[in-house]
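Fold and geometry: a report
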Amino acid sequence: MELRVADTIKTRQLIVPQDHVAVALSGGKDSTALLLLLHRLLQAWEDVRLIAITIDEGIAGYREETIQSAERLTGRLGIEHHCISFTSLFGESLDAFLTGRETQACSICGIMRKKALVVGAQKAGATKLATGHNLDDEAQSVLMNIFRGDLSRLVRNSRGESHGKFIPRIKPLSRISEKEIATYLLINHAWNELPECPYTRYAMRREVRSMLSGFEYKHPGTMLNLVESKEKIERCDKGSVMSEPIRSCRECGDPCSGDLCQVCLLRQSLDR
Ligand code: SF4
Ligand code: ZN
């Protein structure tokens with residue numbers, strides 16, 4: 001697995017000399033494996049710096065344990081670690097924002113967490129933001145965007161990253177399955193049983209995950225085919241789906257495709 005990730009990093013130039021890589025470390029399995037692996041692989045790269053950023057959304061009974069796990073790991077590896085909370089950034093915890101809106105938990109959390117990670121990476125002076133998305137996550141996202149009819153989101157990532165105001169996001173584990181990551185953690189004595197987010201039960205991803213796992217079991221290669229199909233669509237798109245120019249948000253100046261960015265739009269709807 002390490003060799004495959006090293007090869008992905010090299011051939012896709014995900015990390016280059018003098019990069020300052022911020023790893024989004026939730027403390028869960030994928031991000032733990034990513035940090036362990038990058039720590040090993042990048043030891044030979046003297047001019048590349050690695051730090052970890054953890055976002056504390058404020059989810060009672062869940063986030064505390066994963067933050068402790070992240071602190072133990074970064075302490076053991078000697079990696080600089082920053083923790084940013086929703087309360088310090090947005091004024092309230094996710095639990096508070098979600099009162100009466102629990103069914104929208106993951107959409108709201110996703111938008112705010114993305115913003116928090118960008119703020120953390122910018123503060124740390126990072127040149128790349130690495131996330132632990134694995135092959136299963138990527139395949140699930142493809143299917144979810146298709147189910148929602150959201151083609152612009154399907155091809156948005158690669159287009160957005162080319163805009164100068166973004167810190168490029170990299171996903172070194174995007175070709176590594178959840179099972180391989182679990183095995184890697186077990187072999188490296190880094191497996192941790194952690195609680196599940198209480199909002200997972202509202203997530204569409206949970207249903208898609210179970211369906212796709214069944215397909216993968218019966219038809220091996222399904223997940224990889226989905227991710228590669230998305231990449232083919234992106235290469236063929238040539239702007240017909242994502243034709244809007246990237247602009248600056250009227251409120252906060254962040255890059256966005258409309259008048260307001262997703263965070264400012266969300267804030268307006270939460271204030272109503
Ligand atoms: Fe956020 Fe949803 Fe993940 Fe919980 S399951 S941390 S609410 S995205
Ligand atoms: Zn904004």
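As shown above, the structure is provided for reference.
Report follows, based on the coordinates. (Residues numbered from 1 in each chain as written. Chains lettered and ligands numbered in written order. Predicted model: local features only at pLDDT ≥ 70, side-chain atom pairs only at ≥ 80, totals over all residues. Heavy atoms only, no water.)

**Focus: the pattern of salt bridges**
Quick note on the threshold: Criterion for a salt bridge: a side-chain nitrogen of Lys or Arg within 4 Å of a carboxyl oxygen of Asp or Glu. Note on conventions: DSSP H or I runs of at least 4 residues are helices, E runs of at least 2 residues are strands, and numbering of each starts at the N terminus.
All chains considered together, the criterion is met by 15 salt bridges. Where Glu138 meets Lys171, a salt bridge forms, and the shortest distance between an N and an O atom there is 3.2 Å. Residue Glu138 is found in helix α7 (residues 135-147), and its partner Lys171 is found in the loop between β5 (169-170) and α9 (178-187); the two are separated by 33 residues along the sequence. The closest approach of N and O atoms between Arg175 and Glu231, which form a salt bridge, is 2.8 Å. Here Glu231 lies in helix α11 (residues 222-237) and Arg175 lies in the loop between β5 and α9, a separation of 56 residues in the sequence. Beyond isolated ion pairs, a larger network of salt bridges with shared partners links Arg12, Arg175 and Glu231.

**Regarding the coordination of the zinc ion (ligand 2)**
Operational definition: In this listing, donors mean N, O and S atoms no farther than 2.8 Å from the metal, or 3.2 Å for Na, K and Ca; water is missing from the atoms, so a site can look incomplete. Note on exposure labels: buried denotes an accessible area under 20% of the residue type's maximum, exposed denotes more than 50%, and partly exposed covers the range between, all computed with a 1.4 Å probe on protein chains only.
Coordination sphere of the zinc ion (ligand 2), protein contribution only: Cys249 (SG), Cys252 (SG), Cys261 (SG) and Cys264 (SG), at 2.2 to 2.3 Å. One chain supplies every donor for the zinc ion (ligand 2), spaced along it as C-x2-C-x8-C-x2-C. In this pair, Cys249 is assigned in the loop between β6 (247-248) and β7 (255-256) and Cys261 in the loop between β7 and α12 (262-271), connecting sequence segments 12 residues apart. A residue is classified by how much of its surface remains accessible, and Cys261, at 5% relative accessible area, is buried.

**Things to note about the environment of Ala124**
Put simply, the rule reads: Contact definition: two residues touch when any of their heavy atoms are within 4.5 Å.
Turning to its location among the elements, Ala124 is positioned in the loop between α6 (105-123) and β4 (128-130). Judged by relative accessible area, which is 17%, Ala124 ranks as buried. Residues Ala124 and Thr74, 50 residues apart in the sequence, show an inter-C-alpha distance of 16 Å. Discounting chain neighbours no more than four positions away, the residues touching Ala124 are His20 and Ile51.

**Notes on the pairing of strand β2 (residues 49-56)**
Cut-off, in case you're wondering: The criterion for strand pairing is that DSSP finds at least two bridges linking the strands in question. When the strands point away from the viewer, a crossover counts as right-handed if the route from the first strand across the helix to the second turns clockwise.
Most of β2 sits inside the fold, with 6 of its 8 residues counted as buried. Pairing of strand β1 (residues 20-24) with β2, which is carried by 5 bridges, proceeds in the parallel orientation. For Val23, the partnering residue across the bridge sits in β2 and is Ala52. You can see the chain leave β2, run along helix α3 (residues 63-77) and come back into strand β3 (residues 80-85), and the turn it takes is right-handed.

**Looking at the environment of Gly258**
Turning to its location among the elements, Gly258 is positioned in the loop between β7 and α12. Here the alpha-carbon distance between Gly258 and Arg247, two residues 11 residues apart in the chain, equals 6.9 Å.

**Re the site of ligand 1**
This is how it is decided: By convention in these notes, a residue is near a molecule or strand provided one of its non-hydrogen atoms lies within 4 Å of it. Each residue gets one of three labels, nonpolar for Ala, Val, Leu, Ile, Met, Phe, Trp, Tyr, Cys and Pro, charged for Asp, Glu, Lys and Arg, and polar for the others, Gly among them.
As a structural note, the neighbourhood of ligand 1 is formed by Ile59, Cys106, Cys109, Arg113, Cys197, Tyr199 and Thr200. Across the shell around ligand 1, the residue classes tally to 5 nonpolar, 1 polar and 1 charged.

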